[in-house]
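# Reading the structure
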2 protein chains.
Amino acid sequence: MRVTEQSARDPKSPGTVSDLSERDLIARIQQRLPAPPDWVLVGIGDDAAVVVPERNRVEVLSVDCVVDGVHFDRAFVPPDAIGHRALAVNLSDLAAMGATPRLALVSMALPGALPIADFDGIADGLSALAARHATHIIGGNLTRTPGPLSIDITVMGTVKRRQALTRGGARAGDELYVTGSIGGAAEGLHILRSTHHDPRSVIRDPQSALVERYLRPAPRVRVGTLLARNRLASACIDLSDGLAAAARQIAEASAIAVALEADALPIDPAARDALAARQVDPVAEALTEGDDYELLFAVRPRLRRRLEAVLRHADVAVTRIGSCRSGSGATVATTSGAGDAAPLPAGYGHFR
Amino acid sequence: MRVTEQSARDPKSPGTVSDLSERDLIARIQQRLPAPPDWVLVGIGDDAAVVVPERNRVEVLSVDCVVDGVHFDRAFVPPDAIGHRALAVNLSDLAAMGATPRLALVSMALPGALPIADFDGIADGLSALAARHATHIIGGNLTRTPGPLSIDITVMGTVKRRQALTRGGARAGDELYVTGSIGGAAEGLHILRSTHHDPRSVIRDPQSALVERYLRPAPRVRVGTLLARNRLASACIDLSDGLAAAARQIAEASAIAVALEADALPIDPAARDALAARQVDPVAEALTEGDDYELLFAVRPRLRRRLEAVLRHADVAVTRIGSCRSGSGATVATTSGAGDAAPLPAGYGHFR
């Protein structure tokens, strides 16, 4: 993380980030972070960070970016949730690989008019989630932008070499499971969009559980690492782009067909009620909407009991929602094991 | 790197990036990359990349971001130079730590109206520089943005544990050196800004050497690794924010005073002439302007001959420009060893 500028801050008028030096802004992040562990040889403040790799592990690396107006909206997402989500989407990628999070580099592009209180809130959300998953923020970059607020985070996790999960190991006969519930985050976003007022009042609403699912998703790191360590999953992916897209990715990468059972989908009950009231098909919504950050994974049938035993130690339930077959493509059957199977709805056709 | 969308491209009308799927865009990057080395277990196309760490090395990590309108201007920087610079600024950070580049993750935020030809040009510049420094692009992210084009790159390099260079090891008596020449990139930017027309015509100008310094800086990776392996530098930093800022950073991190000699500065001769013609003080410009991506480093006086011998194998000359003293702060003397020393000019006071 670069520290190149002198302080020019008036402590009495915090104002916007354009009133502060980059050094001040970095200090505001640093004061929220725990002391670095001993494997961090050089941390924030030099041209680059220096770390000692973990022995007998391979490294899992991913980068993801959230942009105001594309992946969230500052109008109704409070600052701490912006910071939380920016890291959560990355930790979810590590979870999908079965990796234990280790470190993160945070690169933010800040509009000059961003209130310092909002910057602090983003840092709060980021640092709190990082602490919860023992993820050390070892560096980053801050830049001004004439465009929207955006946050790019690169994460690294570690896993034993033969335990890394990919999308490509499912075989015909494997059973498909999903963690937690689906559809809740999209409905939470719908509530936020339709009320569209001060987020501090929104999150006190009775519908706050759905809103919370959208604002502060819990990356399924515990389940991912349990699946990897116990060699339970033959393939795994997160639902960042929705269940239908995830199922198609596993089918394609594993060269098998995926058949989902509509009746088995663990659709969030509150979301199901809300969708029914708006006369929207809950299954179609649950298949196509993203933002849930649950995991979809395949398990050999003979491992079902072991899966149940191991996941007793998990922090979230899992549900069997389909199976893998020989062939290609991904379908969903409207009644379990009966009726015609329909192809899964398409995802986004164009670059977004 | 996420691959979540189907192709919807009409091969006859390439148009803008909004006409392509994310998968198509990623494929356009991938086709420019060499086959991944065997230490890449999972590359582009899963939730995350998986790599085997290098044995007996520590890892050096850095992220940097370039934003259109802040760090470059699409009006006069051609696409391949945008891609080149986005990676060069990161490789320069690794060079400053003495690290050998290993891998990169590339996250781009693209305006929908970006021509596909420009996207391809950016990928060309990126992949060419990556190949030159054996840096493997193992993953990344593409997102649409309503704001300016921006490119965030995270790089990882490796170095032996006790050979990593930092800003903090200079001692009183050490001599200060800078690689190559300074002031050329800023003058190149000035030429581009004042002509401000089609970059393809600009780079054929007689002043093209200065313009080239700005558009396609050469990160000093070879010098950085030679300094590290031969334990020649007690401190090192790159000049991304200008020589004055770099000198102050070494002074502060090493708790010493830095005294530069104005007459010794290797100011680019063409830049010196151009500045003189505009009645601008070349020394003041060379101290404060950034974009040169040279290295400033400190060397114990007893190592001077060894430095000269080792750097015979370097791809760029180095020049002694000052020394370290006990005390604090950074000054520049207008004539070598004589006259009053003036404090170095301040860098940017506010967040930019």
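Details of the structure are given in the entry above.
First things first, this report covers the structure right here in the doc. (Residues numbered from 1 in each chain as written. Chains lettered and ligands numbered in written order. Predicted model: local features only at pLDDT ≥ 70, side-chain atom pairs only at ≥ 80, totals over all residues. Heavy atoms only, no water.)

Here we come to the packing of aromatic side chains. Throughout the structure, instances matching the rule amount to 2 aromatic pairs over all chains. Summarising the aromatic geometry, the rings of Y177 of chain A and F297 of chain A are spaced 5.6 Å apart at their centres and angled 15 degrees between planes, so their arrangement reads as stacked. Of this pair, Y177 of chain A sits in strand β7 (residues 175–179) while F297 of chain A is found in strand β10 (residues 295–299), placing the two residues 120 residues apart along the sequence. F297 of chain A matches Y177 of chain A in its accessibility class, with the two residues each being buried. Residue placement shows R85 of chain A over the ring face of Y214 of chain A; its charged tip is 4.2 Å from the ring centre. Sitting above the plane of the W39 of chain B ring, R102 of chain B keeps its charged end 3.8 Å from the centroid. (Phe/Tyr/Trp six-rings, centres within 6.5 Å; stacked < 30°, edge-to-face > 60°. Helix = DSSP H or I, 4+ residues; strand = E, 2+ residues; numbered from the N terminus. Buried < 20%, exposed > 50% of the residue type's maximum accessible area, 1.4 Å probe, protein only. Lys NZ or Arg CZ within 6 Å of the ring centre and 35° of its normal.)

With that settled, consider a positive patch on the surface. Residue and element names in this part refer to chain A. The grouping of K160, R161, R162, R222, R229 and R231 at the surface amounts to a positive patch. If you trace the backbone, R222 turns up in helix α7 (residues 221–229). Relative accessible area serves as the criterion here: at 37%, R222 is assigned to the partly exposed category. (Patch = residues over 30% accessible without salt bridge, like charges linked within 9 Å, V, L, I, M, F, W, Y side chains within 5 Å. Areas by Shrake-Rupley, 256 points an atom, 1.4 Å probe, with all protein chains shown as cover. Salt bridge = Lys/Arg side-chain N within 4 Å of Asp/Glu carboxyl O. Lys, Arg positive; Asp, Glu negative; His and termini not counted. Charge placed at Lys NZ, Arg CZ, Asp CG, Glu CD.)

Looking now at the nonpolar core. Counting 97 residues, the largest nonpolar core has L87, M108, L110, F119, I151, I153 and F297 of chain B as its most contacted members. For this core, the element with the highest residue contribution is helix α2 (residues 79–96) of chain B, accounting for 10 residues. Sequence-distant contacts of F119 of chain B, that is, excluding residues within four places in its chain, are made with V17, L25, R28, I29, M108, L110, L114 and L142 of chain B. By size, the runner-up hydrophobic cluster in this structure holds 76 residues, among which are L149, I191, L192 and Y293 of chain A. (Core = buried A, V, L, I, M, F, W, Y, C linked by side-chain atoms within 4.5 Å. Contact = heavy atoms within 4.5 Å.)

For the pair chain B and chain A, the superposition axis carries a translation of 0.0 Å, the fit reaches an RMSD of 0.0 Å, and the rotation angle comes to 180 degrees. Overall, the copies show the geometry of a two-fold rotation axis. Across chain B, the rotation axis passes nearest the C-alpha of G147 of chain B, at a separation of 2.1 Å. A high fraction, 100%, of the interface residues of chain B reappear at the interface in chain A, so the copies pair face to face through one surface. (Least-squares fit on C-alpha atoms with pLDDT ≥ 70 in both.)

A few words now on the packing of helix α4 (residues 184–195) of chain B against helix α6 (residues 208–215) of chain B. Residues and elements named next belong to chain B. Put simply, α4 and α6 touch, their axes get as near as 7 Å, and they point 105 degrees apart. What the angle tells us is that α4 and α6 run roughly perpendicular. The residues of α6 that touch α4, namely those facing G184, A185, E187, G188, L189, I191 and L192, are L210, V211, R213, Y214 and L215. Each residue belonging to the contact of α4 with α6 can be placed in one class, and the counts come to 8 nonpolar, 2 polar and 2 charged. (Axes fitted to C-alpha atoms, helices over the stretch in contact; angles between N-to-C directions. Parallel < 35°, antiparallel > 145°, perpendicular 65-115°, else oblique. Nonpolar A, V, L, I, M, F, W, Y, C, P; charged D, E, K, R; others polar.)

Here we come to the side chain of S240 of chain B. Relative to the helices and strands, S240 of chain B is located in the loop between β8 (235–238) and α8 (243–254). Take S240 of chain B: its relative accessible area is 9%, and that puts it in the buried class.

The next point concerns the interface of chain B and chain A. Each partner contributes residues to the interface: chain B has 75 residues there, and chain A has 75 residues. Taking both sides of the interface into account, the surface hidden between chain B and chain A amounts to around 6300 Å²; carbon and sulfur atoms contribute 53%. Put simply, chain B and chain A have 6 salt bridges between them. For the pair chain B and chain A, the number of links is 19 residue pairs in polar contact (both at pLDDT 80 or more). In terms of residues, the side of chain B that touches chain A owes the most to one element, strand β3 (residues 58–67) of chain B, which gives 9 residues. By the bridge criterion, 3 bridges tie strand β2 (residues 49–51) of chain A to β3 of chain B in an arrangement that is antiparallel. Bridge pairing links V51 of chain A to E59 of chain B in β3 of chain B. (Buried area = accessible area lost by both parts, 1.4 Å probe. Polar contact = N/O pair within 3.5 Å; in protein donor to acceptor, adjacent residues only side chain to side chain. Pairing = 2+ DSSP bridges.)

All names here are of chain B. Tracing the backbone shows R306 in helix α11 (residues 304–310). The partly exposed category is assigned to R306, whose relative accessible area is 42%. Sequence separation of R306 and L232 is 74 residues, and the distance between their C-alpha atoms is 8.0 Å. When neighbours within four sequence positions are excluded, R306 is seen to be in contact with N230 and L232.

What follows deals with helix α2 (residues 79–96) of chain A. Residue and element names in this part refer to chain A. With 18 residues, α2 should reach 26 Å at 1.5 Å per residue; the first-to-last C-alpha distance of 26 Å fits that figure. Most of α2 sits out of view: 16 of its 18 residues are buried. Two residues or fewer past α2, G98 is found with a positive phi of approximately 80 degrees. (Expected span 1.5 Å × (residues − 1).)

Two side chains bearing opposite charge may form a pair once their charged atoms approach each other closely. Throughout the structure, instances matching the rule amount to 38 salt bridges over all chains. Between R216 of chain B and D80 of chain B there is a salt bridge, and its shortest N-O distance comes to 2.9 Å. On the criterion of sequence distance, the pair formed by R216 of chain B in the loop between α6 and α7 (221–229) and D80 of chain B in helix α2 is long-range, its members being 136 residues apart. Between D292 of chain B and R213 of chain B there is a salt bridge whose closest N-O contact spans 3.7 Å. Separated by 79 residues along the polypeptide, D292 of chain B in the loop between α10 (282–288) and β10 (295–299) and R213 of chain B in helix α6 bring together distant segments of the chain. Through salt bridges with shared partners, a single ionic network connects R28, R32, D120 and D124 of chain A.

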